[in-house]
Amino acid sequence: MAPQLRKQLVVVGHGMVGHRFVESAISRGLTEAYDITVLGAEPRPAYDRVALTSFFEVGAEALSLLPSGTYDDPRVRLRTHAEVVAVSPRQRIVTLASGEDLHYDELVLATGAAPFVPPVPGADLANVFGYRTIEDLEAIRSASKGGRRKVGAVIGGGLLGLEAANALHQLGVETHVVELAPRLMAVQIDDLGGRTLNQHIGKLGLTVHTGAMTEAILGDRRNRVERLALKDRNPLDVDLVVFSAGIRPRDALARAAGLDVADRGGVLVDGSLRTSDEHIWAIGECAAVQGVMYGLVAPGYDMAEIVVDRLLGGAGEFTGADMSTKLKLLGVDVASFGDAHGTTKGALELTYADALSGVYKKLVISEDGKRLLGGVLVGDAAAYGVLRPMVASGMELPENPEELILPASRGGANLELPDDAQVCSCNDVTKAEITAAAADGTITRAGATCGSCKTLVKKIVEDYFAATGKEIDRSLCEHFRMTRQELFDVVAVHGYTRFDDIVEGHGTGRGCDICKPAVASILASLLNQHVLAPGNRQLQDTNDAYLGNLQKNGTYSVVPRVPGGEITPDKLIVIGQVAKDFGLYTKITGGQRIDLFGARMEDLPAIWKRLVEAGMESGHAYGKSLRTVKSCVGSTWCRYGVQDSVGLAIELELRYRGLRSPHKLKGGVSGCARECAEARSKDFGIIATEKGWNLYVCGNGGAMPAHAQLLAGDLSKEELVRYLDRFLMYYIRTADRLQRTSSWMDAVDGGLDRIREVVVDDVLGLGDQLEAAMARHVDSYFDEWKATIEDPEKLARFVSFVNAPGTPDPNITFREERGQVQAATTDGPVSLGTTIPVGAP
Amino acid sequence: MTAAVREAVCRLDQIEREGGVTALVAGEAVAIIRTHEDHVYALSNYDPFSKASVLARGIVGTRSVDGEDVPFVASPMFKQAFDLRTGECLDDRAVAVATYDVRVVDGVVEVATRTP
């Protein structure tokens, strides 16, 4: 073998922990010395298994931790579909299923865990699933489809089991949870907590069987699941079974390679995560650190960091992990932290239970009553963010610790956490690190994994700025000491119609290029007057000011509206002829229309006159307003289409055309689940189902792409339009300036759930008001280009020179490329030489 | 030395308050801008950042500099602000655009051609 100068590091397994290892190896410089090969057996790169249940909602792509499929370091190679079948520690070789051998200098095992399938007869029948991978979820989804409503049983009522039950429930399956222990989540919570949880879950229509032992799974003649036999109970007729009764470390490779394994499974490693072979390391769920396996992601991340540290020559040690958990299961908040079961000697318990509202809280307190040791929260886990760090930091309890769990209290939010309190347990970030980051404007990873500490992080940052006397300045600009939302309310409440009144009443100076367009947008949303009406005109941003998109050489581009992307040949011919007559460059846009570039400002009215005469209207490509509603061809032509997507797209585009908003708005409608219209990359996306329409919101492309999230499913057209009216108006009223819907959603307290409460459940009672506001917009719509060409006062501005309207600006230049004009720029001002001005007064 | 030659370019009422027009003065594109207080300023229409003739189409406002409200026009291209009085860029003091003498006589705006 040729000598290899660089050392070879092989990582077996590309799950969350394997991925974290590689990320850390890159960022900490391990790739300076090692080439890294990552071998993943699954067909796709690592994804967020913690959020697996959201797969049905967001899809595989949104869960991916490495959407591009490659690391941003050429010395790292990721191979998916690469199953390792053998390790030879003596030769330092791993063998792939394909027979290929790979040499390593150091080997990291991150093979994770597999669902534990108890040895019951029938576990190998069709329609028996695990709950671990995207493939498992895809199989469960396909088994839950078709015919009558399916019945499913989840075996295991622990954390993962309830996640799986949640998934079945979401799929519309009648769901049973079968748990051997006398309560749900036996590891994390106590009897009373379990009972409270039962009560919540029962209300949702799921059936919980605790203390129930599965004896056998019985199949029909085609070997498909038919019935679940339970000990001493009536059997359950079921169509599918999901095993979620715990996990077992995937340690078979290590066993076969002769490495030491723990008594209860798992690759045995010491505190440095080294196995019994000095060149092999194990991290995450496949590892048993001094015999103990950790089935959570946070300790796995710690292990990954420690191995990177060791390979860099450090002395990191794994010293155990915080096994605290907080999650929302079937809409119920459940949290468990520290010594949840009060096993510490002399521990005292303080409980609060409200059976009516389904809240149960327990604190475990040290014998002397001074320290918080742990606790359980069911039904309301708001206090988790403060309580868990109290345990970790060992800070002294306040005088009346019961206030920490009484509903009247603010969850102890006024408590001052010590600096070394760990706030984010997933990424080991302390309060001191968060305040330091706030001080230097850097970022931490706090809240980036499970997100349960986000509220606390936000509060720490705000407290920090408040303490240092810095207010978080959310002013629009120097002229208005308020946010866009506050300004919107001020304008609406006072009924202002002019910038002058607003700036004189509530601002300073004469405004600027930030507040003027913001006011213009607010006035447009509220009043829907012409943006070039006297008083409005000078407020408009660059493009709105001339109803065109300013291009680099001072010319404009022109985009007529093509609703839903549907256009007649006659209109196409007119567009082509106009482009030829005015020497314009033409390009098809991403929004299914045609952009005409290179129009001189003074030519815009003549161009639009031709377009308007041919039955076209402004496409508002220049506005922070509705742009397009893109569609696929739908059921009118497509042999797969289930609904008329073009028809709906046209209807929606015509409904919302001209609607001014904090940022541009785009929509999309797909006629079937194939999603050819890419509707989920839009601010609002609609996808046809057999029963109606699914409405997704808050997506976008661009620099920070976001997938739209499901707001409501299987809607009739009337429901769809109602929710869309409300959603768009709610956004327009509350978003910040230039904030697109996805970042608005992130900023809304409660995020998508809150938006759904307001838009769908109408918890604020704003529904009628928002719909009425939209109705006013729809009724008052007019084509602003048609209104412009009919008004001599508005047209007067569209001249090259006020004193020489017939002379084109010599600074505008073009060059030619691929048979069309392109913008050119000049090196300095171009003079016409001596020109005798014409048309002077 | 040539004496300043003034050209009448338009009537004051052809320029909106906090708006601008472009005039052709001795062959050059000049932005004529009128403030809220009816002061009229003239500067080269050519934005040195974007290298395009566009300044008259920008938003006009004020910016507080050392306690003083400075009238400015923001380039519609990349939004750099230019002091209407001096042509100086408020975002990059190394950059300035040419200014022109301008006055209003009997409601008519007159711009002086630049002396060579």
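Residues numbered from 1 in each chain as written. Chains lettered and ligands numbered in written order. Predicted model: local features only at pLDDT ≥ 70, side-chain atom pairs only at ≥ 80, totals over all residues.

An unreviewed UniProt entry lists chain B under the name Nitrite reductase (NAD(P)H) small subunit, with Nocardioides silvaticus as the source organism.

By the naming in an unreviewed UniProt entry, chain A is assimilatory sulfite reductase (ferredoxin), taken from Nocardioides silvaticus. UniProt, in the comment section headed Function (unreviewed entry), describes chain A in these words: "Catalyzes the reduction of sulfite to sulfide, a step in the biosynthesis of sulfur-containing amino acids and cofactors." (UniProt positions renumbered as here; feature names shortened; annotations may be inferred.)

Draft legend 1. Focus on the overall build of chain B. Helix and strand counts for chain B stand at 0 helices and 12 strands. Helices and strands in chain B line up, N terminus first, as β-β-β-β-β-β-β-β-β-β-β-β. Looking at chain B as a whole, 48% of its 116 residues qualify as buried. Of the contacts formed within chain B by residues at least 6 apart in sequence, a portion of 44% connects residues at least 24 apart. (Helix = DSSP H or I, 4+ residues; strand = E, 2+ residues; numbered from the N terminus. Buried ≥ 20, exposed ≤ 12 C-beta atoms within 10 Å, placed from the backbone. Contact = placed C-beta atoms within 7 Å.)

Draft legend 2. Spatial organisation of the overall build of chain A. Looking only at helices and strands, chain A has 23 helices and 39 strands in total. Expressed as a percentage of its 841 residues, the buried residues of chain A come to 47%.

Draft legend 3. Quick peek at the UniProt feature "binding site: [4Fe-4S] cluster" (unreviewed entry) in chain A. Residue and element names in this part refer to chain A. Per the UniProt annotation, the sites labelled "binding site: [4Fe-4S] cluster" (unreviewed entry) are C632, C638, C672 and C676. Taken along the chain, the residues just named run across 45 residues; in space they keep tight, none of their C-alpha pairs more than 10.9 Å apart. Along the chain, C638 turns up in the loop between β33 (626-631) and α17 (645-656). Residue C638 is classed as partly exposed on the basis of its 16 C-beta neighbours within 10 Å. Beyond its immediate chain neighbours, meaning those up to four positions away, C638 contacts C632, V633 and G671.

Draft legend 4. Representation of the interface of chain A and chain B. On the side of chain B, 38 residues touch chain A, which itself brings 36 residues to the contact. Looking at side-chain class alone, the side of chain A that touches chain B contains 13 nonpolar, 16 polar and 7 charged residues. (Nonpolar A, V, L, I, M, F, W, Y, C, P; charged D, E, K, R; others polar.)

Draft legend 5. Just helix α15 (residues 569-581) of chain A, in detail. Residue and element names in this part refer to chain A. Taking 1.5 Å as the rise per residue, α15 with 13 residues should run 18 Å; its terminal C-alpha atoms sit 18 Å apart, in good agreement. The complete set of buried residues in α15 reads I575, V578 and A579. On an axial view of α15, the arc spanned by its buried residues comes to 100°, and they lie on one face. Pointing more than 90 degrees away from the buried face of α15 are the exposed residues P569, D570, I573, Q577, K580 and D581. Elements that come into contact with the buried residues of α15 comprise β31 (585-588), β32 (594-599) and α16 (604-613). (Expected span 1.5 Å × (residues − 1). Arc of directions from axis to C-beta.)

Draft legend 6. The pairing of strand β5 (residues 93-96) of chain A, seen in detail. Residues and elements named next belong to chain A. Two elements, strand β4 (residues 84-88) and β5, share 4 bridges in a ladder whose sense is antiparallel. Bridged to V87 within β5 is V94. What sits between the antiparallel neighbours β4 and β5 is a turn of 4 residues, in which R92 has the positive phi angle 55°. Two elements, β5 and strand β6 (residues 101-103), share 3 bridges in a ladder whose sense is antiparallel. Across the sheet, the residue bridging to T95 is D101, located in β6. Linking β5 to β6, which pair antiparallel, is a turn of 4 residues; within it G99 sits at a positive phi near 100°. (Pairing = 2+ DSSP bridges.)

Draft legend 7. Summary view of the environment of L192 of chain A. All names here are of chain A. Looking at the secondary structure, you find L192 in helix α5 (residues 191-203). Along the primary structure L192 and Y360 are separated by 168 residues, whereas in three dimensions their C-alpha atoms are 7.4 Å apart. With residues near it in sequence (within four places) discarded, L192 still touches T351, A353 and Y360.

Draft legend 8. Representation of the sheet that holds strand β11 (residues 102-105) of chain B. All names here are of chain B. Judged by pairing direction, the sheet is antiparallel, and its 3 strands sit side by side in the order β1-β12-β11 without closing on themselves. The open sheet terminates on both sides in strands that have one partner only, identified here as β1 (6-11) and β11. Strand after strand, the sheet turns through a mean of 30° between neighbouring axes, direction not considered. Pairing geometry for β1 and strand β12 (residues 108-112), over 5 bridges, is antiparallel. Considered in β12, the bridge of R11 is made with V108. (Axes fitted to C-alpha atoms, helices over the stretch in contact; angles between N-to-C directions.)

Draft legend 9. Region of the structure containing the nonpolar core. Ranked by size, the top nonpolar core spans 136 residues in total, and within it L109 and I283 of chain A carry the most contacts. Among the elements that take part in this core, helix α7 (residues 297-311) of chain A stands out by supplying 9 residues, more than any other. Not counting residues up to four positions away in its chain, the partners in contact with I283 of chain A are V17, F21, V108, A110, L273, G300, M303, A304 and V307 of chain A. Residues M601 and F801 of chain A together with V21 and L55 of chain B belong to the second largest nonpolar core, which totals 87 residues. (Core = buried A, V, L, I, M, F, W, Y, C linked by C-beta atoms within 7 Å.)

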